[in-house]
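So the chains spell out like this:
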Amino acid sequence: MKSLLFSLPLMADVTKIANDDYVGFTFFVGCMAMMAASAFFFLSMNNFDRKWKTSILVSGLITFIAAVHYWYMRDYWSGVGESPTFFRYVDWTLTVPLMCVEFYLILKVAGAKKSLMWKLILASVIMLVTGYFGEAVYTTGSGPALWGFVSGLAYFYIVYEIWFGNAKKLAESAGGSILQAHKTLCWFVLVGWAIYPIGYMAGTTGWYDGLFEGLNMDVIYNIGDAINKIGFGLVVYGAAVAAQSSTSDS
Ligand SMILES: *C/C=C(C)/C=C/C=C(C)/C=C/C1=C(C)CCCC1(C)C
């Protein structure tokens, strides 16, 4: 029994996190924060009617998927001592498209079509796959800068679509708490997501060498994830609360 307990994967790895190990620390705290946020979203789900329930569920899935990946990334970092690039990109490839789904779900009441969702999802996958190429495959010469640039184009397409494109028009026609939530999410994508290219430039080599000297890629990514995944979910939660209280008033 005792040996069984100690061979459980959850028990096996408890390593010290050194005082100056900011990567290890932010993986650890990030994991806890994602878990707590998931519990919050899942447990509050049933306070909302059907239309909003799905949005809150997706918020919870985003932080939950991240929590599981953070569990592994924390472990990988403490054991291998390298950036867990693969797990990082798997996490993003699952969660960022779900954030695109959130945009769609919020705008559905205004008549958003599935094609809007698929456009955003496709652009986000291009952004991440090309980012992965620059960070993990074509890591020498001008590789990272080139692939990072392509990734950036896909990123700007997403920014354009939600700020000025069809998504914007739908949000405006919906008005009220939907428009408000859409606007806040747009800011998350413009400012919050811009944290990631900074991390990328800090962790790869290119013309930008030295620009972000002293910054650690994983620490920046971890901060970005906490802001974007939990913050994004809370905006959706806030919109659901506002929409529900305005309908129950009338
Ligand atoms: C929860 C995870 C999120 C919101 C991740 C977002 C990631 C990005 C917006 C990454 C963008 C990148 C660029 C725009 C260029 C350089 C390569 C990337 C993939 C870091």
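The rules behind these values
- Residues numbered from 1 in each chain as written.
- Predicted model: local features only at pLDDT ≥ 70, side-chain atom pairs only at ≥ 80, totals over all residues.
- Heavy atoms only, no water.
- Near = heavy atom within 4 Å.
- Helix = DSSP H or I, 4+ residues; strand = E, 2+ residues; numbered from the N terminus.
- Nonpolar A, V, L, I, M, F, W, Y, C, P; charged D, E, K, R; others polar.
- Patch = residues over 30% accessible without salt bridge, like charges linked within 9 Å, V, L, I, M, F, W, Y side chains within 5 Å.
- Areas by Shrake-Rupley, 256 points an atom, 1.4 Å probe, with all protein chains shown as cover.
- Salt bridge = Lys/Arg side-chain N within 4 Å of Asp/Glu carboxyl O.
- Buried < 20%, exposed > 50% of the residue type's maximum accessible area, 1.4 Å probe, protein only.
- Lys, Arg positive; Asp, Glu negative; His and termini not counted.
- Polar contact = N/O pair within 3.5 Å; in protein donor to acceptor, adjacent residues only side chain to side chain.
- Contact = heavy atoms within 4.5 Å.
- Phe/Tyr/Trp six-rings, centres within 6.5 Å; stacked < 30°, edge-to-face > 60°.
- Lys NZ or Arg CZ within 6 Å of the ring centre and 35° of its normal.

> Would you mind showing me how to read the site of the ligand here?
Around the ligand there are 17 residues in total, and Val 96, Met 127, Ser 151, Tyr 196 and Lys 229 lie nearest to it. Looking at the shell around the ligand, the elements with two or more residues in it are helix H5 (85–107), helix H6 (114–137), helix H7 (143–164), helix H10 (195–203) and helix H11 (217–249). Considering each element in turn, the shell around the ligand owes the most residues, 5 residues, to H5. For the shell around the ligand, a count of residues per class yields 11 nonpolar, 4 polar and 2 charged.

> Just checking my understanding: could you explain a nonpolar patch on the surface for this structure?
A cluster of nonpolar residues, Ile 17, Phe 25, Phe 28, Val 29, Met 32 and Met 35, forms a patch on the protein surface that exposes about 510 Å² of accessible area. Structurally, the position occupied by Met 35 is in helix H3 (residues 22–44).

> What should I look at first to understand the side chain of Glu 161 in this one?
Mapping Glu 161 onto the fold places it in helix H7. Among buried charged residues, Glu 161 stands out as having no salt bridge; its nearest opposite-charge side chain is Lys 119, 4.0 Å away. Here the side chain of Glu 161 touches Asn 166 through a polar contact of 3.2 Å, landing on its backbone nitrogen. Contact partners of Glu 161, with chain neighbours within four places excluded, come to Leu 116, Lys 119, Leu 120, Asn 166, Ala 167 and Lys 168.

> Please explain the pattern of salt bridges as it appears in this structure.
Pairs can form between side chains of opposite charge whenever their charged atoms are close. Per the stated rule, a full pass over the model turns up 4 salt bridges. Across the pair Asp 225 and Arg 88 runs a salt bridge, and its minimum N-O distance is 3.5 Å. Taken together, the residues span a long stretch of sequence, with Asp 225 in helix H11 and Arg 88 in helix H5 at a distance of 137 residues. As far as burial versus exposure is concerned, Asp 225 and Arg 88 are alike and both buried. For Lys 229, the salt bridge is made with Asp 225, and the minimal N-O distance between the two is 3.3 Å. Of the two residues, Lys 229 and Asp 225 are both situated in helix H11; the distance of 4 residues between them amounts to about one turn of the helix. On the basis of relative accessible area, Lys 229 is assigned to the buried category, the value being 2%. Shared partners join several salt bridges into a network, and the residues in it are Arg 88, Asp 218, Asp 225 and Lys 229.

> It is not clear to me how the environment of Ser 83 should be interpreted in this structure. Could you clarify?
Relative to the helices and strands, Ser 83 resides in the loop between helix H4 (50–80) and H5. Each C-alpha atom of the pair Ser 83 and Gly 203 lies 9.6 Å from the other, and the pair is 120 residues apart in sequence. If we ignore the near neighbours within four places in the chain, the residues touching Ser 83 are Tyr 76, Trp 77, Met 217 and Asp 218. Side-chain polar atoms of Ser 83 contact the side chain of Asp 218, separated by 2.4 Å.

> Please clarify how the packing of aromatic side chains should be interpreted in this entry.
We describe a pair of aromatic rings using the distance from one ring centre to the other and the angle between the two ring planes. Taken as a whole, this structure holds 23 aromatic pairs when the rule is applied. Measuring from ring centre to ring centre gives 5.3 Å for Tyr 89 and Tyr 132, while their planes differ by 65°; the resulting arrangement is edge-to-face. Residue Tyr 89 is located in helix H5, and its partner Tyr 132 is located in helix H6; the two are separated by 43 residues in the primary sequence. On the accessibility criterion, Tyr 89 (6% relative accessible area) is buried. Seen from their ring centres, Trp 92 and Tyr 196 are 5.0 Å apart, and the 85° between their planes marks the pair as edge-to-face. Here the residue Trp 92 occupies a position in helix H5, and Tyr 196 occupies one in helix H10, the gap between them amounting to 104 residues. Residue Trp 92 is classed as buried on the basis of its relative accessible area of 5%. In textbook terms, an aromatic cluster arises when at least three aromatic residues are bridged by ring pairs, as seen for Tyr 89, Trp 92, Tyr 132, Tyr 196 and Tyr 221. Here the guanidinium or amino end of Arg 74 rests over the ring plane of Trp 71, the centre of that ring lying 4.5 Å away.

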